[in-house]
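Chains, contacts and geometry: an overview
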Amino acid sequence: MSTTNMATSSNYWEDLRKQARQLENELDLKLVSFSKLCTSYSSSINRDQRTRDSRSDSGSSQDNMLVAMTTELEQLLANLTAVNDKMAEYTNSPGISSHNAALMHTLQRHRDILQDYTHEFHKTKNNFFSLREREDLLGSVHRDIESYKSSSGVNNRKTELFLKEHEHLRSSDRLIDNAISIAMATKENITFQRGMLKSIQTRVTTLANRFPAINSLIQKINLRKRRDSLILGGVIGICTILLLLYTFH
């Protein structure tokens, strides 16, 4: 491969990496905003009981924002996938074999980031739809109770017990929503820290490629990070289970 072709090929690879980093940064910011919007939706339902009775009026604007943001995130994920595919095609191009190991390492890192963002997006979106479905169900129960009270005008013992049970369900629902809000806030903080750690990891990886002796240290750090992640995940899981057991006890 001539010097001119090598320079052109190198510029093409750097352009693809630049596009990938730009899309990853944009996705990171959009996912944080998407998570905050879902948390705000949950909080607004807890603050205002009328939301359950008139979701078509007060909830429509938030629904439209969430739908628009969902479409935008899906487009960004599709664009990042396309850039990763172009990077994969480049690594298989003739004459790239001498740099193939370093290029494949970089490509794999971008693929891992894409996989993390895709998983986080679908998880947040599914949490929102589950929350909305639960609120629709509770709102329907509340309207049925109000309709029964209005039509019969009888506040007998059975109705009082039913209302008390409904209030208990609402209290439990609020506790769950608060737990979800805390988890969302924790996730946002972890996402921010993850971005910083990725930047540091990129620099350390570059140094490791230049100085092979550092590779052993990097592997030990990664193993310890995985272990800490498993321990943290186990603690969060146990706390969540205990909170749910306490709530429905």
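What counts, and where the lines are drawn
- Residues numbered from 1 in each chain as written.
- Predicted model: local features only at pLDDT ≥ 70, side-chain atom pairs only at ≥ 80, totals over all residues.
- Heavy atoms only, no water.
- Helix = DSSP H or I, 4+ residues; strand = E, 2+ residues; numbered from the N terminus.
- Buried < 20%, exposed > 50% of the residue type's maximum accessible area, 1.4 Å probe, protein only.
- Contact = heavy atoms within 4.5 Å.
- Areas by Shrake-Rupley, 256 points an atom, 1.4 Å probe, with all protein chains shown as cover.
- Patch = residues over 30% accessible without salt bridge, like charges linked within 9 Å, V, L, I, M, F, W, Y side chains within 5 Å.
- Salt bridge = Lys/Arg side-chain N within 4 Å of Asp/Glu carboxyl O.
- UniProt positions renumbered as here; feature names shortened; annotations may be inferred.

**Let's talk about the overall build of the chain**
Looking only at helices and strands, the chain has seven helices and zero strands in total. Helices (α) and strands (β) of the chain occur, in sequence order from the N terminus, as α-α-α-α-α-α-α. When burial is assessed residue by residue, the chain has 30% of its 249 residues classed as buried. The contacts of the chain with a sequence gap of at least 6 include a subset with a gap of at least 24, amounting to 79%. When the accessible surface of the chain is split by element, carbon and sulfur atoms take 59% of a total near 16,200 Å².

**Quick notes on the side chain of glutamate 120**
Looking at the element boundaries, glutamate 120 is found in helix H5 (residues 100-152). Overall, the relative accessible area of 8% leaves glutamate 120 in the buried class. Beyond its immediate stretch of four places on either side in the chain, glutamate 120 contacts Leu31, Lys187, Thr191 and Arg194.

**Some details on a nonpolar patch on the surface**
Residues Ile238, Ile241, Leu242 and Leu245 make up a contiguous nonpolar surface patch of about 420 Å² in total accessible area. Within the secondary structure, leucine 242 is located in helix H7 (residues 213-247).

**Focus: the UniProt feature "coiled-coil region" (unreviewed entry) in the chain**
Here the UniProt-annotated "coiled-coil region" (unreviewed entry) positions come out as residues 66-93. Along residues 66-93 one finds 93% helix and 0% strand; the C-alpha atoms at either end are 41 Å apart.

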